[in-house]
Amino acid sequence: MQLFDSESPQKSEAEKKAILAKVKMPEDWKMALAEELTSENMDKLREFLKQEYGSGKSVYPKASQMFNAFNLTPLSEVKVVILGQDPYHGPGQAMGLSFSVPKIIPKPPSLNNILKEMADDIGTVPSRHGDLTHWAQQGVLLLNTSLTVEEGIAGSHKGKGWEQFTDAVVDVVNKQTFNTVFILWGSHAKLKGKFIDTERHLILSAVHPSPLAANRGGFFGSKPFSKANEYLRQHGKSAIDWQLPQ
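Residues numbered from 1 in each chain as written. Predicted model: local features only at pLDDT ≥ 70, side-chain atom pairs only at ≥ 80, totals over all residues. Heavy atoms only, no water.

Asks: Residue-level account of unusual backbone geometry, with values.
Replies: Residue P61 is bonded to the preceding Y60 through a cis peptide linkage, with omega at -10°. Counting through the fold element by element, P61 comes out in the loop between β1 (59-60) and α5 (68-72). Positive phi, normally seen in glycine, also occurs at F99, with a value near 70°. The buried category is assigned to F99, whose relative accessible area is 7%. (Helix = DSSP H or I, 4+ residues; strand = E, 2+ residues; numbered from the N terminus. Buried < 20%, exposed > 50% of the residue type's maximum accessible area, 1.4 Å probe, protein only.)

Asks: Before we move on, can you summarise the environment of I183 with the specific residues and values?
Replies: Looking at the secondary structure, you find I183 in strand β5 (residues 181-185). With relative accessibility at 0%, the residue I183 sits in the buried group. Measuring from C-alpha to C-alpha, the distance between I183 and Q85 comes to 13 Å, with 98 residues separating the pair along the chain. Once residues lying within four places of it in the same chain are set aside, the contact partners of I183 are V80, V81, I82, L83, L204 and P224. (Contact = heavy atoms within 4.5 Å.)

Asks: Any chance you could break down the nonpolar core for me, citing the residues and the numbers?
Replies: W29, L33, F70, I82, W135, F165 and W242 are the most contacted members of the largest nonpolar core, which totals 64 residues. Among all residues touching W242, those that are not within four sequence positions of it are V80, I82, M118, I122, T124, W135, V140, F225, A228 and N229. (Core = buried A, V, L, I, M, F, W, Y, C linked by side-chain atoms within 4.5 Å.)

Asks: So what's going on with the packing of helix α6 (residues 109-122) against helix α11 (residues 224-234)? Which residues, and what values?
Replies: Running from N to C, α6 and α11 cross one another at 60°; their axes reach a closest spacing of 7 Å. As the angle between them shows, α6 and α11 are arranged oblique. Taken together, the residues of α11 that come into contact with α6 (itself represented by I114, E117, M118, D121 and I122) are P224, F225 and S226. The residue makeup of the contact of α6 with α11, split by class, is five nonpolar, one polar and two charged. (Axes fitted to C-alpha atoms, helices over the stretch in contact; angles between N-to-C directions. Parallel < 35°, antiparallel > 145°, perpendicular 65-115°, else oblique. Nonpolar A, V, L, I, M, F, W, Y, C, P; charged D, E, K, R; others polar.)

Asks: I'd like a rundown of the environment of F67, residues and numbers included.
Replies: By the secondary structure assignment, F67 is in the loop between β1 and α5. For the pair F67 and P26, spaced 41 residues apart in sequence, the C-alpha to C-alpha distance is 9.8 Å.

Asks: Give me the sheet that holds strand β6 (residues 202-206): which residues, what numbers.
Replies: Read across the sheet, four strands follow the order β3-β2-β5-β6 without closing on themselves; strand pairing throughout is parallel. Lying at the two open borders of the sheet, with one neighbouring strand each, are β3 (140-144) and β6. Averaged over neighbouring strand pairs, the angle between their axes works out to 15° when direction is ignored. Summarising the sheet, β5 and β6 pair through five bridges and their orientation is parallel. Looking across to β6, one finds that I183 is bridged to L204. Those strands touched by helix α8 (residues 162-176) are β2 (80-84), β3 and β5, and its axis lies near 155° from that of β3. (Pairing = 2+ DSSP bridges.)

Asks: How would you summarise the side chain of H157 if you had to cite specific residues and measurements?
Replies: On the secondary structure map, H157 appears in the loop between β4 (149-150) and α8. On the accessibility criterion, H157 (1% relative accessible area) is buried. Within the local environment of H157, its side chain forms a polar contact with the side chain of E52, the two groups lying 3.3 Å apart. One polar contact links H157 to T148, side chain to side chain, over a distance of 2.7 Å. Sequence-distant contacts of H157, defined by excluding residues within four places in its chain, comprise F48, L49, E52, V59, S146, T148, V149, E150 and W162. (Polar contact = N/O pair within 3.5 Å; in protein donor to acceptor, adjacent residues only side chain to side chain.)

Purely geometric stuff here, so don't read any function into it on its own.
Structure (structure tokens):
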């Protein structure tokens, strides 16, 4: 991955350290992603986000939760990656974890389908809430391909730089972990599969859990939760307790 365009002046080490000092995520993620976090791509993305958050538009999640997935799941603890597309774009829904909503927010249709498949797959009891923090704390990186979105406009922050950043995240997990399960739902997530060494990791892919896609077939019955746990056990790792606390 090229850090700078040939015509762009390179940053000094002091400038890079100053940028990294402001990034709020665990040190192992920060060091692994240092090249991307100090890149021209991220400079442009930060400027765009500064304008968006400062313009009076409603942007989700709130800035303090943007890197929630990394803060709850340090790189050293990653066992599973579940890749989504955008954060939810309704008020109060996005919390920096793909497919997750705060406990007080009704579960969106995609999440209901995920929990339905989980119940059919491994017999979990449907939870009254859709907060997936319990998964993140066990090593499930809940990552979206874009980490921000404007209220009511799906895909509104596509092409602003997040794709390059999350490509780098997937590349880091691919290279710096072993026997990780990548769960890729939908076409946007499947594009990230090009970074993943299938001899080193397991890829489980299916259509997106949104009602329109899931009801066409290919999501229900895919059994990603039992397959992920079986793979983790086979490679000497503890399984994920997918049951959400009531």
